[in-house]
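Examination of the molecular architecture
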Amino acid sequence: FGTMKINELGHLEIGKCDSTDLVKKYGTPLYVMDETLIRDNCKLFKTNFTSKNIQTEIIYASKAFLTLAMCTLINEEGLSLDVVSGGELYTAIKANFPTHKIYMHGNNKTKEELTMAIKTGIGRIIVDNKCELDLIENICKAYNKKISILLRVNPGIETNTHEYIKTTKNSSKFGISIFDKDIFNIVNKLNSNKYIDFKGFHSHIGSQILNEESFYEEINVMMNFIKEVSEKCGTTIQELNLGGGFGVYYSKKDRPINLKNLLKNMLDKIKSKADEFKLPYPKIMIEPGRSIVANAGTTLYQVGCTKKTHSGKHYVFVDGGMNDNPRTALYNAQYEAAIANRMNDEKEGIYTITGRCCESGDIIAKDISLPHPNIGDIIAVSTTGAYNYSMASNYNRLPRPSVIFVKNGNSKCIVRRETYEDIIKNDLPL
Ligand code: LLP
């Protein structure tokens, strides 16, 4: 079950903490993040995405999971930060994240967001479209600032992932197609703009990618494109950001790529392409989100009731739902689950774990083999560290769960549980 251990009481242990003790202390539902594992994941990228001749940078895609504590951790591990909204940027600023290490994304950034980014001196804005360029130029003029940018391009690669998380089909809303006739004009304009320091290109081909060839294809297409731009525009492309998307293990059908090999191969391929084209090596950035946090997260729930339908389907009702994990409903995601307080008991049946939202699609994990669940048992769902807390909602006015970090037998609350008062705090009377 995930990377976790079972202790002598037959209880699931996370970060050397007994999960039943965590439930006693913090209640359920509860997001438990294994801090050591997050740090190990950061280190894996830091140590393996390096090369003697190529400068590299690892930028954590904060949309996967962001809180003040997470910003501190990411900074301590020496990663940079990708934000896509004023809210994510504000969180980073409040956590004193060094602003020059922040990269700002978004296909429709507002004037306020861009102003905040430019005024606070963030490292790069990743520009999505032409309208945004005008907006940036005006803001820079008003504040007499110059900003470094990358241009997001769409290399037109089809990846084998869920339709909703593909990003570089030719019809995608993100970036400017490398086949767009205007692209060289845009680069020329950028090069002559005194408010903009054009550094290079960004592309992100999708998320939860389990096939290494997709990344190599991205590198081929992007390096060919860089060669073409260098020739047609006479510019040296200093930076290439290849985005994130490294897939993780959720259930038996997922076979993640060996990251160490992949990262090394990616840099080797860039080197050989640049050598072939006699181009200087650009600085290479990647933006992992899911692969930093997904496997570090476990959600703990308590069983309220079980039900066998007339058709013979067994349901386990838990005290969370699609409000704390919308991924099953949205993407048909598959999760693994276990009874955390009876890890060694024999499995007796196939159960579907569902929550308390008023909706049939409110499913957390489908067809899971479990011992017969009893009222009060603790259900643990693994690999919930990415895009769970960050996509949680207050649907049905359910308060969002607490998030805790666990490490070496200690636990620390990093997001307190919402209260009913939190739920109504922005409501105004009629
Ligand atoms: N960079 C860019 C520009 C992105 O759009 C994304 C993710 C990433 C990096 C990080 O990708 P990762 O390494 O996490 O795969 N909510 C969906 C995932 C949406 C991903 C959006 N962009 C899910 O729960 O599967």
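Scroll up to find the structure this text is about.
What comes next concerns the included structure.

Rules behind the numbers
- Residue numbering note: each chain is counted from 1, following its sequence as written.
- With pLDDT at 70 or above as the cut-off, local features in this predicted model cover only qualifying residues; side-chain atom pairs require 80 or more to be listed or tallied, and sums for whole chains, interfaces and linings still use all residues.
- Each residue is classed by its C-beta neighbour count within 10 Å, where at least 20 other C-beta atoms makes it buried, 12 or fewer makes it exposed, and intermediate counts make it partly exposed; the C-beta atoms are placed from backbone geometry.
- Strands are runs of DSSP state E lasting at least two residues, helices are runs of H or I lasting at least four, and both sets are numbered from the N terminus onward.
- The directions considered for the arc run from the helix axis to the C-beta atoms.
- By convention here, the C-beta atom is placed from the backbone, and a residue is near a molecule or strand when that atom is within 6 Å of it.
- Charged means Asp, Glu, Lys or Arg here, nonpolar means Ala, Val, Leu, Ile, Met, Phe, Trp, Tyr, Cys or Pro, and polar covers whatever is left, Gly included.
- Each domain's limits were defined by an automated method or a database of domain assignments.
- Here, any two strands with at least 2 DSSP bridges between them count as paired.
- Here contacts are defined at the residue level, using C-beta atoms placed from the backbone and a cut-off of 7 Å between them.
- Throughout this description, the term nonpolar core refers to a group of buried Ala, Val, Leu, Ile, Met, Phe, Trp, Tyr and Cys residues whose C-beta atoms join them within 7 Å.
- A fitted line through C-alpha atoms serves as each axis, taken over the contacting stretch for helices, and the angle formed by two N-to-C directions is quoted from 0 to 180°.
- Any angle from 65 to 115 degrees is called roughly perpendicular, while one under 35 is roughly parallel, one over 145 is roughly antiparallel, and all others are oblique.
- In this scheme, a crossing is called left-handed if the near helix is turned counterclockwise away from the far one by less than a right angle; it is called right-handed if the turn is clockwise.
- For a helix, the expected span equals 1.5 Å multiplied by the residue count minus one.

**As for helix α1 (residues 19-26)**
S19, L22, V23 and Y26 are the residues of α1 that are buried. Buried residues of α1 fall within an arc of 100° about the axis and therefore sit on the same side. Facing away from the buried surface of α1 by more than 90 degrees, the exposed residues are K24 and K25. Downstream of α1 by one or two residues, G27 has phi in the positive range, about 80°.

**With respect to the site of the ligand**
Taken together, 22 residues surround the ligand, and among them A61, S207, G244, G289 and Y387 come closest. Among the residues forming the shell around the ligand, the class breakdown is eight nonpolar, nine polar and five charged. Taken together, domain 1 (5-34 + 294-424) and domain 2 (35-291) each give at least three residues to the shell around the ligand, which thus spans both.

**Focus: the pairing of strand β21 (residues 410-415)**
Successive residues of a regular strand alternate their side chains across the two faces of the sheet. With five bridges connecting them, strand β20 (residues 402-407) and β21 associate as antiparallel partners. If you follow K407 over to β21, its bridge partner there is N410. Following β20, the chain reverses through two residues before pairing antiparallel with β21; N408 in that reversal takes a positive phi of roughly 45°.

**Structural notes on the environment of K307**
Position of K307 relative to the elements: it lies in strand β14 (residues 297-308). Setting aside chain neighbours within four positions, we find K307 in contact with Y315 and F317.

**Points about the sheet that holds strand β3 (residues 17-18)**
The antiparallel open sheet is built from three strands, whose spatial order is β1-β2-β3. Looking at which strands have only one partner, the edges of the open sheet turn out to be β1 (5-6) and β3. Pairing analysis gives two bridges linking β1 to strand β2 (residues 12-14), with the strands arranged antiparallel. Each bridged residue has a counterpart across the sheet, and for K5 the counterpart in β2 is E13.

**Overview of the nonpolar core**
Membership of the largest hydrophobic core comes to 107 residues, with the highest contact counts inside it found for L81 and I379. The dominant element in this core, judged by the number of residues it contributes, is helix α8 (residues 212-233), at six residues. Looking at this core, you find at least three residues from each of domain 1 (5-34 + 294-424) and domain 2 (35-291). One finds I205, I209, F246 and I257 within the second-largest nonpolar core, a separate group that totals five residues.

**Concerning the packing of α8 against helix α9 (residues 259-277)**
When two helices pack together, their arrangement is given by the angle between the helix axes and the distance between those axes. Direction vectors running N to C along α8 and α9 enclose 25°, while the axes themselves pass 10 Å from each other. Here α8 is positioned roughly parallel relative to α9, judged by the angle of their axes. By crossing handedness, the relation of α8 to α9 is classed as right-handed. Taking contact as the criterion, the partners of E212, F215, Y216, I219, N220, M223 and K227 in α8 are, on α9, L262, M266, K269, I270, K273, A274 and F277.

**Observations regarding the environment of N261**
Among the secondary structure elements, N261 is positioned in helix α9. Among the residues examined, N261 registers 11 C-beta atoms within 10 Å and is labelled exposed. The spatial distance from the C-alpha of N261 to the C-alpha of N48 is 8.5 Å, given a sequence separation of 213 residues.

**Here's the deal with helix α2 (residues 35-48)**
The terminal C-alpha atoms of α2 lie 20 Å apart, and with 14 residues this matches the ideal 20 Å at 1.5 Å per residue to within 8%. Buried within α2 are the following residues: E35, L37, I38, N41, C42 and F45. Summarising the contacts, the buried residues of α2 are in contact with β4 (30-34), β5 (56-61), α3 (68-76), α10 (290-293) and β20.

**Observations regarding unusual backbone geometry**
Residue P29 is bonded to the preceding T28 through a cis peptide linkage, with omega at -15°. Here the phi dihedral of K278 falls at roughly 55°; this positive angle occurs in a residue that is not glycine. Overall, K278 belongs to the exposed group, with 8 C-beta atoms counted inside 10 Å. Even without glycine at this site, N332 takes up a positive phi of about 60°. When you line up the elements, N332 lands in the loop between α11 (327-331) and β16 (337-339).

These figures come from the coordinates and say nothing about function on their own.
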